Every structure is written in C-alpha cells, then in structure tokens.
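# Chain and residue survey
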Amino acid sequence: MEVSLAHGGEEARDEEFRSLTDRLGDEAGEPEVFHRLLATEDDEELARVLVERGRPLWAREIAAFRLGCRGDRRAFEALVLLLNHRDPERCVSAAHALLLLGDPRTPRAAAALATNSLRTAYALHPVRLLTTLRAPESVPALVSTLHRLLAPDEPHWRVALACVEGLGSLGDDRARPVLEAALPHPRLGAAAAEALSRLSAA
C-alpha cells in the first residue's frame, strides 16, 4: 500500500499508522512488546529501542516511525536507513515519518540515497520524497539520477520515471536538457513531454 506523502493532520498520520501496524503485526514475534510499542506515550522508551542491541527490525521501525511523527530527531538516522530498504512498504512509512519530522538534514540524506549508483534499485522513495520536499537539493539530485538512468538497457526505469515526473512537478528549467534527452526513451517519452510542457508553462 502506498500512501501519499503530504503534510496532514491526525487523520493522515492515523492512516499510515494503521498501515504500519497491519503490516508489522504478522512480522512481530513478541505480541506483548509489539502492542506496548504501539501504545506507549513515553518517547524515552521508544528512543531506547533504537539504540538497544538485539532489538528486531520491526521494533526499531515502530519506534522510529512514532518518534519521527512526533518530531523527535532521534529517529532521523533509523528513518533514513528504512527509506532505502529493500522492502518498499518500509520505505513508504519512513518517507512519511521523515516528512513529518521536518529535520533539515532530510533533503541532503534523500539526495545521497537517490544518487547512489549502488543503491539505485531502492531509490524510488528517496526520489519521491525529494519531489515532495521541494528542497534546494531536489532538482540537482533528480537531474543527476535521471541522466545516469538514460543509459541503454538500464533496468531501473521506474526510478527514472519518478525522476521525470518529479522534475515536471518541480518546474525548474534546469531540468530541460535531461528531460529532452529522455524523450526518445520508450518508457519515459510521454512523461518527459508532459514534464517539459509543465516547464514551459511555469
């Protein structure tokens, strides 16, 4: 389940929280601990989960998500790791929490993940987060990533498509050369044309 990344009130946060709990309920091997982490209002208890040795990933994810949504910057590093996880649903939850966290380090971290050629397979959600953040790092990172993904036989076309769509949304004319280069690509051409039309209208 993919959740739109947008600032919102309690309803938006509750929707993503329900998605997280539904997903991790089967993964958690300690039901009592699972329910306690979901229910506790003690930020210190949640923060300890992030640093204690031997804690399972599901417990760290719950703690990081809840702290991030509360604006506690102790969750930042754990959320960045989850943003680049091989499990797309973990990436979605992490991106949501990072957006609510509002840490000034987030754009730089997302840009580093998006442009890391060794982690391109997991770059989709960092790219989408950069688009939502509309930070100074967003356009250069998306341009750099898209340029690299225009190579022949590049398998990560979904990441490239997210870059194209993101650059269209950001409406920055610095993206024009790479979007024009994407026009002949069979899977990117239509989106690139649409993005270019949005640049022209900006």
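Here's a quick rundown of the structure.

How each quantity is defined
- Residues numbered from 1 in each chain as written.
- Predicted model: local features only at pLDDT ≥ 70, side-chain atom pairs only at ≥ 80, totals over all residues.
- Heavy atoms only, no water.
- Core = buried A, V, L, I, M, F, W, Y, C linked by side-chain atoms within 4.5 Å.
- Buried < 20%, exposed > 50% of the residue type's maximum accessible area, 1.4 Å probe, protein only.
- Helix = DSSP H or I, 4+ residues; strand = E, 2+ residues; numbered from the N terminus.
- Salt bridge = Lys/Arg side-chain N within 4 Å of Asp/Glu carboxyl O.
- Polar contact = N/O pair within 3.5 Å; in protein donor to acceptor, adjacent residues only side chain to side chain.
- Contact = heavy atoms within 4.5 Å.
- Phe/Tyr/Trp six-rings, centres within 6.5 Å; stacked < 30°, edge-to-face > 60°.
- Expected span 1.5 Å × (residues − 1).
- Axes fitted to C-alpha atoms, helices over the stretch in contact; angles between N-to-C directions.
- Parallel < 35°, antiparallel > 145°, perpendicular 65-115°, else oblique.
- Nonpolar A, V, L, I, M, F, W, Y, C, P; charged D, E, K, R; others polar.

### A few points about the nonpolar core
- In terms of nonpolar packing, the biggest core is built from 64 residues, with Trp58, Ile62, Leu79, Leu98, Leu146, Leu167 and Leu179 touching the most fellow members.
- Considering every element that reaches this core, the biggest residue donor is helix α10 (residues 157-170), with nine residues.

### Quick look at the pattern of salt bridges
- Scanning all chains against the criterion turns up 15 salt bridges.
- One salt bridge in this structure joins arginine 174 and aspartate 172, with 2.8 Å as the shortest N-O distance.
- The class of aspartate 172 is partly exposed, set by a relative accessible area of 22%.
- Because the salt bridges share partners, they merge into one network encompassing Arg23, Glu27, Glu61, Asp87 and Arg90.

### Some words on unusual backbone geometry
- The backbone of arginine 134 shows a phi angle near 50°, a positive value even though the residue is not glycine.
- Mapped onto the fold, arginine 134 is located in the loop between α8 (124-133) and α9 (138-149).
- Unusually for a residue other than glycine, aspartate 153 sits at a positive phi of about 65°.
- Relative to the helices and strands, aspartate 153 resides in the loop between α9 and α10.

### Here's the deal with the side chain of histidine 85
- Looking at the element boundaries, histidine 85 is found in the loop between α5 (76-83) and α6 (88-101).
- Judged by relative accessible area, which is 15%, histidine 85 ranks as buried.
- A distance of 2.9 Å separates a polar atom in the side chain of histidine 85 from the backbone nitrogen of aspartate 87.
- Not counting residues within four places of it along the chain, the set of residues in contact with histidine 85 comprises Leu57, Arg90, Cys91 and Tyr122.

### Some thoughts on the packing of aromatic side chains
- Per the stated rule, a full pass over the model turns up two aromatic pairs.
- Ring centres 6.4 Å apart and planes at 20° place the aromatic pair phenylalanine 17 and phenylalanine 65 in the stacked group. In this pair, phenylalanine 17 is assigned in helix α1 (residues 10-25) and phenylalanine 65 in helix α4 (residues 57-69), connecting sequence segments 48 residues apart.
- Classification of phenylalanine 17 by relative accessible area gives partly exposed; the value is 24%.

### Structural notes on α6
- Here α6 contains 14 residues, and its C-alpha end-to-end distance of 20 Å stays within 8% of the 20 Å for a straight helix at 1.5 Å per residue.
- For α6, the buried fraction is high: 12 of the 14 residues fall into the buried class.
- Measuring from the side-chain oxygen of the N-cap residue of α6 to the backbone nitrogen of glutamate 89 gives 3.0 Å; that N-cap residue is aspartate 87.
- Looking at the residues trailing α6, positive phi occurs at glycine 102, about 70°.

### With respect to the environment of arginine 18
- Checked against the element boundaries, arginine 18 lands in helix α1.
- For arginine 18, a relative accessible area of 48% puts it in the partly exposed group.
- Residues arginine 18 and alanine 201, spaced 183 residues apart in sequence, show a C-alpha to C-alpha distance of 39 Å.

### As for the packing of helix α2 (residues 31-39) against α4
- One way to put it is that α2 packs onto α4 with a least axis distance of 10 Å and a crossing angle of 10°. With respect to each other, α2 and α4 are oriented roughly parallel. Of the residues in α4, those touching α2 at Val33, Phe34, Leu37, Leu38 and Ala39 are Trp58, Ala59, Ile62 and Arg66.
- Along the lines of polarity and charge, the residues of the contact of α2 with α4 split into eight nonpolar, no polar and one charged.

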